[in-house]
Amino acid sequence: MNICSMSHGRTRQRGAATLMVSLVLMFAMTLAAYFLNRNMALEQRLAANQVQAAQAFEAAEAGLEWATAQLNNPAKLGSDCQPSTDASAQSFRARYLSVDVNTGAYTPRTWTQAGLPLPMQAMCVRNTSQAQGWDCSCPAGGHPLVAMGAATSSTNSDGAPPAFVVTLLPVSTPGQLRVIAQGCTSHAGACQPGIGVNVNVQAKADATAQVQQMLALVSGLASPPTAPLTVVGNVSTSAALGLHRANTTSAGAAVQAGGNVLAANARIGTTAGGITSTAVIEQDTSLSNLSEARFFSQLFGADPATWRAQSVVQKMDCKTDCNAAVLDALAATDGALLLWAEGDLRLSGPLSLGSAARPVVLIVGGIASLIGGVQIHGLLHASKVEWSADSTGAGRVTGAVTSSSHYGGNNAADLIFDAAVLQTLTTTSGSFARVAGSWKDF
């Protein structure tokens, strides 16, 4: 055999083996690259799903926070959820809830479509170009609608902005309600109730999330007084001060003081068959032993700083005549009005604040100086109350007056204890707060 031929054959065999090994390695590398790419694509999809789920969840959480803030916003709002000067405008709470003032039960309002009652809903769509960050809809009836022309920033991959829808539901416990917030990655699906407002928006959101929370009312007047005038210190007036009860059949004191009651000319009303002297309670140690802060907490269920910090409370800081500031606060808000005046407050008659249906709580950090015919439906509380007479006539408080120190002055005002007015303040005023342990994401 030719040695050259044998060598050439072995070379061909080695070349074929090398080719085969190369092909196997190339196939293995291709297969590995395929699976690696497949895993990367799967991880990208999983990551995208996680991002979308997180975005929907955060939108739902934003809905809960927004709804709680709106329920504690006393301002009158338009259908776009922004402050309105329209006389017929309502606050978010009044628009979406009705309340039984006797029991404190809150019932979410409904509207009717094709004969079926539907819960009223509010909706917001993300728009970072707006100062508040959202375009919102708070209709008095019908499905919430948001014009999509401006809500184009902070969008998802499909060009639609995140959104949330809020629904209020009743519960059996008085003073409580349930808030359900549906968050979506886009203004679509569950976050676009009713007929879509933009045919270009996708019919279904990439991801949705739902969270819910119980809210309970923390009353603005936790424990009402039981007399038309209650003071920690003394009552001193030479005027014919009227101390009455709106319901003459209900028992109770006409005045309760931790110090002395020096009001020889007072006109004291009693229950049928009652004795005037027993309607005056003085030197009451249950009052005289209280500090100013403790007396405040017994009435309002919180210390002064906490009560004042509520967003539902309207703050004023006027050292002279505050009539205009009080009337402006009354006109700009809805429902029972909670007012806090820094330092001293001076109100002059003629002036009328509040009504039986919409009473006020007026708290004065310093001295409340009332002059003439000031009339208040609700509760007046101050560190000290002084009521002076002038040509505008005698004043009147229908509800109650409380003072952390003394009451004095020469105005023959009528202080009328009205349990119905105080009950309205107890069940309708104050702030909604989250009930611990009631949060759910299903």
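To keep things clear, this report deals only with the structure shown in the data block.

Thresholds, definitions, all that
Residues numbered from 1 in each chain as written. Predicted model: local features only at pLDDT ≥ 70, side-chain atom pairs only at ≥ 80, totals over all residues. Heavy atoms only, no water. Buried < 20%, exposed > 50% of the residue type's maximum accessible area, 1.4 Å probe, protein only. Helix = DSSP H or I, 4+ residues; strand = E, 2+ residues; numbered from the N terminus. Arc of directions from axis to C-beta. Contact = heavy atoms within 4.5 Å. Salt bridge = Lys/Arg side-chain N within 4 Å of Asp/Glu carboxyl O. Core = buried A, V, L, I, M, F, W, Y, C linked by side-chain atoms within 4.5 Å. Disulfide = S-S within 2.5 Å. Pairing = 2+ DSSP bridges. Axes fitted to C-alpha atoms, helices over the stretch in contact; angles between N-to-C directions. Phe/Tyr/Trp six-rings, centres within 6.5 Å; stacked < 30°, edge-to-face > 60°. Patch = residues over 30% accessible without salt bridge, like charges linked within 9 Å, V, L, I, M, F, W, Y side chains within 5 Å. Areas by Shrake-Rupley, 256 points an atom, 1.4 Å probe, with all protein chains shown as cover. Lys, Arg positive; Asp, Glu negative; His and termini not counted. Polar contact = N/O pair within 3.5 Å; in protein donor to acceptor, adjacent residues only side chain to side chain.

Before going further, it helps to examine helix H6 (residues 323–332). What H6 keeps buried is the set Asn 323, Val 326, Ala 329 and Leu 330. For H6, the angular spread of buried residues about the axis comes to 140°, placing them on one side. More than 90 degrees from the buried face of H6, the exposed residues found are Asp 328 and Ala 331. Its buried side turned inward, H6 meets strand S17 (314–316), strand S18 (337–341), strand S19 (345–348), strand S20 (351–353) and strand S21 (360–371).

This part is about unusual backbone geometry. At the junction of Gly 349 and Pro 350, the peptide bond is cis and its omega measures out at 0° in the coordinates. Along the chain, Pro 350 turns up in the loop between S19 and S20. Positioned with a positive phi, Cys 81 is a non-glycine residue whose angle comes to about 70°. Checked against the element boundaries, Cys 81 lands in the loop between helix H1 (3–71) and helix H2 (92–96). Overall, the relative accessible area of 5% leaves Cys 81 in the buried class.

This brings us to the environment of Ala 356. You can see Ala 356 is positioned in the loop between S20 and S21. Once the C-alpha coordinates of Ala 356 and Ala 420 are considered, the two residues, 64 residues apart in sequence, prove to be 8.0 Å apart. Once you skip the residues sitting within four places of it in the chain, Ala 356 turns out to touch His 377, Val 421 and Thr 424.

What follows deals with the pattern of salt bridges. Under the definition given, this model contains five salt bridges. Residue Glu 65 is joined to Arg 434 by a salt bridge in which the shortest nitrogen-to-oxygen separation is 3.1 Å. Taken together, the residues span a long stretch of sequence, with Glu 65 in helix H1 and Arg 434 in strand S26 (residues 430–434) at a distance of 369 residues. Taking the relative accessible area as the measure of exposure, Glu 65 reaches 47% and is therefore partly exposed.

This paragraph deals with the nonpolar core. Counting 41 residues, the largest nonpolar core has Leu 229, Leu 345, Leu 347, Leu 362, Tyr 407 and Leu 415 as the members making the most contacts within it. Every residue in contact with Tyr 407, bar those within four places of it in the chain, is listed here: Leu 229, Val 231, Asn 234, Val 235, Ser 236, Leu 241, Val 385, Trp 387 and Leu 415. Grouped together as the second largest cluster of nonpolar side chains are 28 residues, Trp 66, Val 166, Val 211 and Leu 217 included.

This part covers the state of the cysteines. Scanning the entire structure with this criterion turns up three disulfides. At a sulfur-sulfur separation of 2.0 Å, the disulfide partner of Cys 124 is Cys 136. Disulfide Cys 124 to Cys 136: torsion about the S-S bond roughly 110°, handedness right-handed. With Cys 124 in strand S5 (residues 121–126) and Cys 136 in strand S6 (residues 134–137), this pair connects stretches of sequence that are twelve residues apart. Accessibility classification places Cys 124 together with Cys 136 in one group, the buried group. Here Cys 184 engages in a disulfide with Cys 191; their sulfurs sit 2.0 Å apart. Taking the torsion about the S-S bond as the criterion, the Cys 184 to Cys 191 disulfide, at about 85°, is right-handed. Owing to a relative accessible area of 0%, Cys 191 belongs among the buried residues under this scheme.

Here the focus is the sheet that holds strand S9 (residues 208–219). One open sheet holds the six strands; their spatial order is S6-S5-S7-S8-S9-S26, and the pairing between them is antiparallel. The sheet is open, and its two borders are formed by S6 and S26, each paired with just one other strand. When strand polarity is set aside, the average angle formed by the axes of neighbouring strands in this sheet is 25°. Summarising the sheet, strand S7 (residues 163–170) and strand S8 (residues 176–184) pair through eight bridges and their orientation is antiparallel. Looking at S8, one finds that Phe 164 is bridged to Gly 183.

Following the criterion strictly, the structure yields eleven aromatic pairs and no others. For the ring pair Phe 92 and Tyr 96, a centre distance of 4.5 Å and an interplane angle of 20° mean the geometry is stacked. With Phe 92 and Tyr 96 both in helix H2 and four residues apart, the pair spans about one turn of that helix. Its relative accessible area of 2% is what places Phe 92 among the buried residues. Here a set of aromatic residues connected by ring pairs shows up, and it is made of Trp 66, Phe 92, Tyr 96, Trp 134 and Phe 164.

On the surface, Phe 27, Leu 31, Tyr 34 and Phe 35 cluster together into a nonpolar patch covering about 440 Å² of accessible area. Inspection of the secondary structure puts Phe 27 in helix H1.

The next subject is the pairing of strand S25 (residues 414–417). Here S25 shows a buried face lined by Asp 414 and Ile 416 and a second buried face lined by Leu 415 and Phe 417. As judged from the four bridges shared by strand S12 (residues 242–245) and S25, these two strands associate in the parallel manner. If you follow Arg 245 over to S25, its bridge partner there is Phe 417. Pairing of strand S23 (residues 396–403) with S25 involves four bridges; the strand directions are parallel. Bridge assignment links Gly 399 to a residue of S25, and that residue is Phe 417.

Quick look at the side chain of Lys 76 now. Inspection of the secondary structure puts Lys 76 in the loop between H1 and H2. The buried charged residue Lys 76 lacks any salt bridge partner; its closest oppositely charged side chain belongs to Asp 334, at an N-O distance of 5.9 Å. There is a polar contact of 3.3 Å between the side chain of Lys 76 and the backbone oxygen of Ala 331. Excluding its chain neighbours within four sequence positions, the residues that come into contact with Lys 76 are Gln 82, Pro 83, Ser 84, Asp 86, Ala 87, Ala 89, Gln 90, Ser 91, Ala 331, Ala 332, Thr 333 and Asp 334.

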